[in-house]
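Each chain, letter by letter, is given below.
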Amino acid sequence: MQEKVRAHLIVQGRVQGVFFREETRKTAKLFGVYGWVKNKPDGTVESIVEGEKKDVVSLINWCKNGSPLSQVEKVDVVWQDYRGAFREFDIQYL
């Protein structure tokens, strides 16, 4: 059985107005991970991701490149205790 993990991500760079959230949602579904993604007022994108460790790591690695129009400068990751809090992956709006 795979280890379940939770990660809190802050993605910096040109990541708003470039379909980053929608592409993250699609990619999360492909990897079978759950959580949410949202724009923050400071221009970053924030996400909480839960799932099997290999799949969460795959989504984190995808975020380092992002959507075709984005220019990711940095992805900060804070690992947290798995909670099993989500049943899907959503876009949250401010």
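Note that the structure is a prediction, hence the values are computed from the model and not measured.

Q: Honestly, the overall build of the protein in this entry has me stumped. Any pointers?
A: Across its full length, the protein carries 2 helices and 5 strands. Starting at the N terminus and walking to the C terminus, you meet the elements of the protein as β-α-β-β-α-β-β. Taken over C-alpha atoms, the radius of gyration comes to 12 Å for the protein, in line with the 12 Å a tight globule of 94 residues would show. Taken along the three principal axes of its C-alpha coordinates, the protein extends 35 × 25 × 20 Å. Going through the 94 residues of the protein one by one, you find that 40% of them count as buried. For the protein, the accessible area works out to roughly 5,600 Å², and carbon and sulfur atoms hold 47% of it. Computed over 15 positive and 13 negative side-chain charges, the inter-centroid distance for the protein is 1 Å.

Q: Hey, could you run me through the sheet that holds strand 3 (residues 45–52) in this one?
A: For sheets, the rule is that strands pair by backbone hydrogen bonds, running either parallel or antiparallel. A sheet is described by the order of its strands in space; here 5 strands give the open sequence 4-1-3-2-5, paired in mixed fashion. Edge positions in the sheet fall to strand 4 (71–80) and strand 5 (89–92), since each has one partner strand and no second. Across the sheet, the mean angle separating the axes of adjacent strands is 20° when strand polarity is ignored. Examined bridge by bridge, strand 1 (residues 4–14) and strand 4 share 9 bridges and lie antiparallel to one another. Of the residues in strand 4, the one forming a bridge with Gln 12 is Lys 74. The sheet strands contacting helix 1 (residues 20–31) are strand 1, strand 2 (34–39), strand 3, strand 4 and strand 5, and the helix crosses strand 5 at an angle near 170°. Most of the contacts of helix 2 (residues 53–63) go to strand 3, to which it runs at about 155°, and overall it touches strand 1, strand 3, strand 4 and strand 5.

The rules we used
- Residues numbered from 1 in each chain as written.
- Predicted model: local features only at pLDDT ≥ 70, side-chain atom pairs only at ≥ 80, totals over all residues.
- Heavy atoms only, no water.
- Helix = DSSP H or I, 4+ residues; strand = E, 2+ residues; numbered from the N terminus.
- Rg over C-alpha atoms; globule rule 2.2 N^0.38 Å.
- Buried < 20%, exposed > 50% of the residue type's maximum accessible area, 1.4 Å probe, protein only.
- Areas by Shrake-Rupley, 256 points an atom, 1.4 Å probe, with all protein chains shown as cover.
- Lys, Arg positive; Asp, Glu negative; His and termini not counted.
- Charge placed at Lys NZ, Arg CZ, Asp CG, Glu CD.
- Pairing = 2+ DSSP bridges.
- Axes fitted to C-alpha atoms, helices over the stretch in contact; angles between N-to-C directions.
- Contact = heavy atoms within 4.5 Å.

Structural measurements only, silent on function.
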